[in-house]
Amino acid sequence: GMFHAYCHLEADPLEFEASDSQVFLDDANGYLIVYKDGSFAVSSLSDKTIPPQRIDFVRRAPVLAARISLDRKFMAVQRSHTDVDVINLVDRSEVAATCKGKGQGNMVHGFVWVNTQLCDLALITKSGLELLKMAGSGEPPKLVKHEKRIICWYRYLHSARLLVMCTGRDYGTLQCFQVLPNKLVKLPDFDPDLAGEGGKKQRMEPRDFVPCRLYEKLCCVQVQRSRQELIVYQLGQNAIGKLCTIDLFTSSEFFSVSVVDNLLVVHGSDARISMVFDVQLHHHTTHPVVAPLPLGGPPPK
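Residues numbered from 1 in each chain as written. Predicted model: local features only at pLDDT ≥ 70, side-chain atom pairs only at ≥ 80, totals over all residues. Heavy atoms only, no water.

Considering the pairing of strand E1 (residues 22-26)
Within a regular strand, side chains alternate between the sheet's two faces. What counts is decided by this rule: Strand pairing requires that DSSP identify at least two bridges connecting the strands. Helix numbers and strand numbers start at the N terminus; a helix is a DSSP run of H or I with at least 4 residues, a strand a run of E with at least 2.
Across 5 bridges, E1 lies against strand E2 (residues 31-36) in antiparallel orientation. Considered in E2, the bridge of Leu-25 is made with Leu-32.

Digging into the environment of Asn-182
Stated formally: The buried label goes to any residue with under 20% of its type's maximum accessible area, the exposed label to any with over 50%, and the partly exposed label to all in between, with areas taken from a 1.4 Å probe on protein chains only. Note on contacts: a residue pair qualifies if any of its non-hydrogen atoms lie within 4.5 Å across the two residues.
Summarising the element assignment, Asn-182 is placed in the loop between strand E15 (173-179) and strand E16 (184-186). Judged by its relative accessible area of 54%, Asn-182 is exposed. Spatially, the C-alpha atoms of Asn-182 and His-282 are 36 Å apart, while their sequence positions differ by 100 residues. Leaving out residues up to four positions away in the same chain, Asn-182 has contacts with Gln-117 and Leu-118.

Section: the nonpolar core
Using the following cut-off: Working definition of a nonpolar core: buried Ala, Val, Leu, Ile, Met, Phe, Trp, Tyr and Cys residues. They are joined through side-chain atoms within 4.5 Å.
Counting residues in hydrophobic clusters, the biggest one holds 19 residues, and the most contacted among them are Leu-162, Leu-174, Cys-176, Met-204 and Leu-235. Among the secondary structure elements, those contributing two or more residues to this core are strand E13 (153-157), strand E14 (162-167), E15, strand E18 (217-224) and strand E19 (229-235). By size, the runner-up hydrophobic cluster in this structure holds 18 residues, among which are Cys-212, Cys-219, Phe-277 and Val-279.

Here we look at the pattern of salt bridges
To keep things clear, this is the line we draw: Put simply, a salt bridge is a Lys or Arg side-chain nitrogen that is within 4 Å of an Asp or Glu carboxyl oxygen.
By the definition in use, this model includes 9 salt bridges. Taking the shortest distance from any N to any O, the salt bridge between Asp-85 and Arg-59 comes out at 2.7 Å. Within this pair, whereas Asp-85 is found in strand E7 (residues 83-88), its partner Arg-59 is found in the loop between strand E4 (53-55) and strand E5 (65-68), the two being separated by 26 residues in sequence. Taking relative accessible area as the criterion, Arg-59 reaches 45% and is therefore assigned partly exposed. Beyond isolated ion pairs, a larger network of salt bridges with shared partners links Arg-59, Arg-79, Asp-85 and Glu-94.

Some words on the side chain of Ser-44
Put simply, the rule is: Polar contacts, as used here, are pairs of N or O atoms within 3.5 Å; protein pairs need one atom able to donate a hydrogen and one able to accept it. Residues neighboring in sequence count only if both atoms are side-chain atoms.
Tracing the backbone shows Ser-44 in strand E3 (residues 39-44). Within the structure, Ser-44 has its side chain in polar contact with the side chain of Ser-46 (distance 3.3 Å). A polar contact is formed between the side chain of Ser-44 and the backbone nitrogen of Asp-47, at a distance of 3.0 Å. The contacts of Ser-44, once residues within four sequence positions are left out, are Leu-14, Gly-30, Tyr-31 and Ile-50.

Looking at the state of the cysteines
Note: disulfide means a covalent bond formed between the sulfur atoms of two cysteine side chains. As a reminder, the rule being used: By convention in this document, the label disulfide applies to cysteine sulfur atom pairs within 2.5 Å.
Evaluation of the coordinates by the stated rule reveals 0 disulfides. Cys-219 takes part in no disulfide bond, and the closest cysteine sulfur, belonging to Cys-212, lies 5.3 Å away. Cysteine Cys-220 remains unbridged, with the sulfur of Cys-176 as its closest cysteine sulfur at 6.1 Å. Under the relative-accessibility criterion, Cys-220 is labelled buried at 0%.

Right under this line is the structure:
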């Protein structure tokens, strides 16, 4: 019979040993990094025929996150709320990248490899954004730029080197930065629409904001759960505009958003359906472009 679904899971998912393991997605490289018993196994998400590469010479210490540089020469491992170790995969030396103001209660929310002329590694901390350039072997990375502001959480879109950060009083403001090849561009900050039922303001949650590119436009999609809406903001260097508001027609406690070929696919957890929206058509219709159906399993071989 017909296989009814517009979105399917992949036919051959990547399989790995998950027990007693820590699993990290390195989306910039398309890797899955699995840490177990002092050894890192790095698997390619795009080519599943390549056997996982093992990195087993890193000293044992807690692992909160792990990502590999885009030139494959370094692996950064977050060890604590203040320290990130950078391991040279060529000569196996290791240096610490410690956030500024470590003694004054500053903390690292996370890090991303941007590998541009300007900087190699960006640390996102409670008190700002630190851009670091790798130095010679055994030398700690050099701080090339420090943007100070209080940051509560962040989201990152690697293809655009775009950081979306929650900041401001009561953490009600989004501030975006884009790391261009030779400079850091600060986009205008803006306050997303957080008005919920009865005028009660919602808290900004990282899962409700998805930075993406839609038809070459740099966007940030907000899931407005209390109003069952998606708000699509277009991010420009001089202005931030509301591109459209999409009614989700369904009450779900939790929505997650995927971007596939410029289309927004919204998965509702309660109704267990996936809805497909096209922002190009929002002037004509706010309805999904196809009938809402459950997410399909892998297509039959």
